[in-house]
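The primary structure of each chain is shown beneath.
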Amino acid sequence: MGPHPAVAAIRLAVRRVLHDVLTDLQRTSENDPPRPPLPPHPPHEQPASPLVLVACSGGADSMALASALAFEAPKLGMRAGGITVDHGLQPGSDLRAAEVVVRLTALGLTPVDSVAVAVGRDGGPEAAARDARYAALDAAAERHSAAAVLLGHTRDDQAETVLLGLARGSGIRSLSGMAATSGVAGRYRRPFLHLDRQTARKACMVQSLPVWDDPHNADPAYTRSRLRHEGLPALEKALGKGVVEALARTAQLSRDDADALDTWAAQAETTVRDSTGLLECAKLYALPPAVRRRIVRRAAIDAGAPAGSLFARHIEEVDRLITGWRGQGAINLPGKVVAQRQGGRLVIRQG
């Protein structure tokens, strides 16, 4: 008799992602320039197999992911390790991180790290914690030369991300939600974006895996928590079941569109700059708004505006320098960046 359907689903999702990681590694090695031959390994030493880390908080989603990685990685000749991040935001968080290390080690994962981080205040508590977490994960991946880091975001998380993006009014890229692959060289992989949260929890239950429910996930002080426990249930009550699945489909469709527009904008940007590299307003005006605003946004980020603080309203104000020019003054953007129109050119620079 095979594994429980929930366990089979999470293992299949992880198996597919590990196959993708191996394919990407092979493609990268084929494209690398030739290197001098390495000395042969001693008989008792074998070249290290690829390492994949799982980011684990101890919650049901990441524990289900860790168990599936521990099961699938050895079958593909890969090593499985783990990392848990202690944000230090709750009493006893260091003890819980130590418990997660014990649980991951019991699953057979190695190496397993616990990393404590200092959470700042930029962008609010949720954004600051996320920034600190990803910085720690990046450092761990570099330290262990990991081929990938698996994240336990589910279809429910994706739906919440889409709604948060919709509330910010940040455009189609925000509606794209989380990518299945992201980060430097595709470091981060999210195998569960097509699985619901309940499947992960069921997989933990049938495998008798202990899980920790973060009280922040039920704290109404946090926007995502209110959305999870109040917003989404209200939408399902008003619109019927299937809202989460529909939002996840919206994310994928939006991502496909956004990727196409990004490619168009990257190609068009070379045609709207003058010989000195400045953006020409007349040529920008001739482009479709979605393409033009992408070029403006990229120019603002290149000038030093933080991407996470650059919202649609900022880009719209700069866009009016191109489409509604009446002699208005400079536009102040996040990161002390200033945008202004000078002699038919759009100049975006540090103020």
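A brief structural summary.

Reading the values: rules and limits
Residues numbered from 1 in each chain as written. Predicted model: local features only at pLDDT ≥ 70, side-chain atom pairs only at ≥ 80, totals over all residues. Heavy atoms only, no water. Helix = DSSP H or I, 4+ residues; strand = E, 2+ residues; numbered from the N terminus. Contact = heavy atoms within 4.5 Å. Expected span 1.5 Å × (residues − 1). Buried < 20%, exposed > 50% of the residue type's maximum accessible area, 1.4 Å probe, protein only. Pairing = 2+ DSSP bridges. Right-handed = clockwise from strand over helix to strand, strands pointing away. Phe/Tyr/Trp six-rings, centres within 6.5 Å; stacked < 30°, edge-to-face > 60°. Lys NZ or Arg CZ within 6 Å of the ring centre and 35° of its normal. Axes fitted to C-alpha atoms, helices over the stretch in contact; angles between N-to-C directions. Left-handed = near helix turned anticlockwise from the far one by under 90°. Nonpolar A, V, L, I, M, F, W, Y, C, P; charged D, E, K, R; others polar.

1. A short note on the environment of Val 115
- One can find Val 115 in strand S3 (residues 112–116).
- In the structure, Val 115 is positioned 18 residues away from Arg 133 in sequence and 9.2 Å away in space, judged by C-alpha atoms.
- Those residues in contact with Val 115, other than ones at most four positions away along the chain, are Ile 83, Thr 84, Val 85, Asp 86, Ala 136 and Arg 143.

2. A closer look at helix H5 (residues 155–168)
- End to end, H5 covers 20 Å across 14 residues, agreeing with the expected 20 Å (1.5 Å per residue, within 8%).
- Of all 14 residues making up H5, 11 are buried, and the element is well covered by its neighbours.

3. Considering the pairing of strand S2 (residues 79–86)
- For S2, the tally of buried residues reaches 7 of 8 residues, placing the bulk of the element in the interior.
- Summarising the sheet, strand S1 (residues 51–55) and S2 pair through 5 bridges and their orientation is parallel. Residue pairing for S2: Val 54 is matched across the bridge by Gly 82.
- With helix H3 (residues 93–106) bridging S2 and the parallel S3, this β-α-β connection has right-handed handedness.

4. Notes on the packing of aromatic side chains
- By the definition in use, this model includes 1 aromatic pair.
- When the ring centre of Phe 71 is taken as reference, the NZ or CZ atom of Arg 11 above it lies at 3.6 Å.

5. Quick look at the packing of helix H1 (residues 5–31) against helix H7 (residues 197–206)
- Where H1 meets H7, the axes come as close as 8 Å, and the angle between the chain directions of the two elements is 115°. As for the relative orientation of H1 and H7, their crossing is left-handed in sense. Judged by residue contacts, Ala 6, Val 7, Ala 9 and Ile 10 of H1 engage Thr 199, Lys 202, Ala 203 and Val 206 from H7.
- The residue makeup of the contact of H1 with H7, split by class, is 6 nonpolar, 1 polar and 1 charged.

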